[in-house]
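Fold and contact review
So you can see what is in the structure, the chains are spelled out below.
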Amino acid sequence: MMEDNSANGLKRERRKRKRVALIRKAIISLITIWIFLSMGICTALLYKVHSLEYNLDYLLKNFTVSRQIEAESKQSGAAADESAYFDLEGAAEEYDDDYSIAQAVNQQENLAGPQDAHKVYLTFDDGPSSNTSQILDILKKYNYKATFFVIGKEDEESRELYKRIVEEGHTLAMHSYSHKYNALYDSVDSFDEDFSRIQNYLFEVTGQECLFYRFPGGSSNHVSNVDMKKFISYLNDRQITYFDWNVSSGDATSQAYTPEELVENVMEDVVKYKTSIVLMHDSSTKASTVKALEPMIKALEGIEAEILPIDENTTVIQHIAATNAEQQ
């Protein structure tokens, strides 16, 4: 009898232990499920918050840029379809039935949305210089092409650099021969003389006809005593497309930016636009620009930007639209 009671007690103890073990497993499973569900919910909430922050930042940037454009337009006394810096109309018109004047982008339409890709055109003015080879070396290292708006230099080293720019697949473009504002913008005749000289010279050296131009000081400069639209019409007549910029590194200002600050200046604006024409300078005094180029490329790669040289398919950025010059 005592043996039976002992056996029954052992059985009850085993059943009790089994129940406790099952309860423990159930509790552990519930806790585990709760932890994973909580992590999933937190991850989803964090993603949602990040998405909302991105969209809010995008809306704020668009609002700020729009207000800046509006304010600049009012301050300069420009017409509603043309601000001091960007063409807001951008309508292309045909002339002589032979070709169309290059269409300038509507800056409002060029503002990038959260899902839009960024096309970035790195451009260098004023070269060639003692820094040109380093710039080309860095671009070659990362296998990217850029655009060089060059001036006229007849020494042998400069001639070789013109050739290297072309041979390595970059876009060779014109930035006047002399870069002397007073002489260049004195009259249409003086502009013609300078333009013909740089175009013919670059063709003689490289065998390539240059079809792109950048006005020294930009088309919105306040140096020229002649209405800039006269010079724009001159280029239109010769089917030359000119490019200004909508992103500036700041390397031509009186402030001495560090390489890190130059990168920051560029990246701050590049994210605003679908197409960014980035203004930089290639001269012997621009060591910071050279130092900024490699981290700038890495930063652009970080936002998956497409880095391209200017060609006939590039969206045109102009402070004064070429079409508006024909509407005088």
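See above for the structure.
This write-up is about the structure you can find in this document. Within each chain, residues carry numbers counting from 1 in the order of the written sequence. Given that this is a predicted model, residues contribute local features only at a pLDDT of at least 70 and side-chain atom pairs are listed and counted only at 80 or more, while totals for whole chains, interfaces and linings are drawn from all residues. Derived side-chain values reflect all non-hydrogen atoms in the structure, with water molecules and hydrogen atoms excluded from consideration.

With that settled, consider the pattern of salt bridges. By salt bridge we mean one thing: a side-chain nitrogen of Lys or Arg within 4 Å of a carboxyl oxygen of Asp or Glu. Enumeration over the complete set of coordinates arrives at 8 salt bridges. As a salt-bridge pair, Asp-137 and Arg-164 come within 2.6 Å of each other at their nearest N and O atoms. You can see Asp-137 sitting in helix 3 (residues 132-142) and its partner Arg-164 sitting in helix 4 (residues 156-167), a full 27 residues away along the chain. When its relative accessible area of 44% is taken as the criterion, Asp-137 is described as partly exposed. As a salt-bridge pair, Glu-294 and Lys-141 come within 2.7 Å of each other at their nearest N and O atoms. With Glu-294 in helix 9 (residues 287-302) and Lys-141 in helix 3, the pair connects residues that are 153 residues apart, well separated along the chain. Via salt bridges that share partners, Asp-137, Arg-164 and Glu-168 belong to a single interconnected network. Helix numbering and strand numbering both begin at the N terminus, where a helix is a DSSP run of H or I of at least 4 residues and a strand a DSSP run of E of at least 2. For every residue, the accessible area obtained with a 1.4 Å probe (protein chains only) is divided by the maximum for its type, and the residue is called buried under 20%, exposed over 50%, and partly exposed between those limits.

This part is about the pairing of strand 4 (residues 147-150). Looking along a regular strand, one sees side chains alternate from face to face of the sheet. Side-chain alternation along strand 4 places Thr-147 and Phe-149 on one buried face and Phe-148 and Val-150 on a second face that is also buried. Pairing analysis gives 3 bridges linking strand 3 (residues 119-125) to strand 4, with the strands arranged parallel. Opposite Phe-124, over in strand 4, you have Phe-148 as the bridge partner. The definition of a right-handed crossover adopted here requires that, viewed with the strands pointing away, the path from the first strand over the helix to the second runs clockwise. As for the winding sense of the linkage, the β-α-β connection from strand 3 through helix 3 to strand 4 is right-handed. Only strands that DSSP links by at least two bridges are regarded as paired with each other. Where strand 4 lies against strand 5 (residues 171-174), 4 bridges are found, and the strand directions are parallel. Residue Thr-147 lies in a different strand from strand 5, and its bridge partner there is Thr-171. Remark: the strand 4/helix 4/strand 5 crossover connection has right-handed handedness.

A few words now on the packing of helix 3 against helix 9. Taken N-terminus to C-terminus, the directions of helix 3 and helix 9 make an angle of 25 degrees; their axes are 9 Å apart at the nearest point. On the basis of the axis angle, helix 3 is roughly parallel to helix 9. As for how helix 3 packs across helix 9, the hand of that crossing is right-handed. Across the interface between the two elements, Gln-134, Ile-135, Ile-138, Leu-139, Lys-141 and Tyr-142 of helix 3 pack against Val-290, Leu-293, Glu-294, Ile-297, Lys-298 and Glu-301 of helix 9. Residues belonging to the contact of helix 3 with helix 9 are distributed by class as follows: 7 nonpolar, 1 polar and 4 charged. Here, axes are lines fitted to C-alpha atoms. For helices the fit covers the stretch in contact, and angles between N-to-C directions go from 0 to 180 degrees. An angle below 35 degrees is read as roughly parallel, one above 145 as roughly antiparallel, one from 65 to 115 as roughly perpendicular, and any other as oblique. If you view the pair so one helix is near and one far, a crossing is left-handed when the near helix is turned anticlockwise from the far one by less than a right angle, and right-handed when it is turned clockwise. Any two residues having at least one pair of non-hydrogen atoms within 4.5 Å are treated as being in contact. Side-chain classes are defined by residue name, with Ala, Val, Leu, Ile, Met, Phe, Trp, Tyr, Cys and Pro counting as nonpolar, Asp, Glu, Lys and Arg as charged, and the others, Gly among them, as polar.

This next bit is on a nonpolar patch on the surface. Taken together, the side chains of Ile-23, Ile-27, Ile-31, Trp-34, Ile-35, Phe-36 and Met-39 make up a nonpolar region of the molecular surface, amounting to roughly 770 Å² of accessible area. Within the element layout of this structure, Phe-36 appears in helix 1 (residues 2-76). Here a patch means residues that are over 30% exposed by relative accessible area and free of salt bridges, tied together within 9 Å if like-charged and within 5 Å if nonpolar (Val, Leu, Ile, Met, Phe, Trp, Tyr). Values of accessible area rely on a 1.4 Å probe in the Shrake-Rupley scheme; residue burial ignores everything except the protein chains shown.

Honestly, that's just the spatial picture; any functional story needs more than this.
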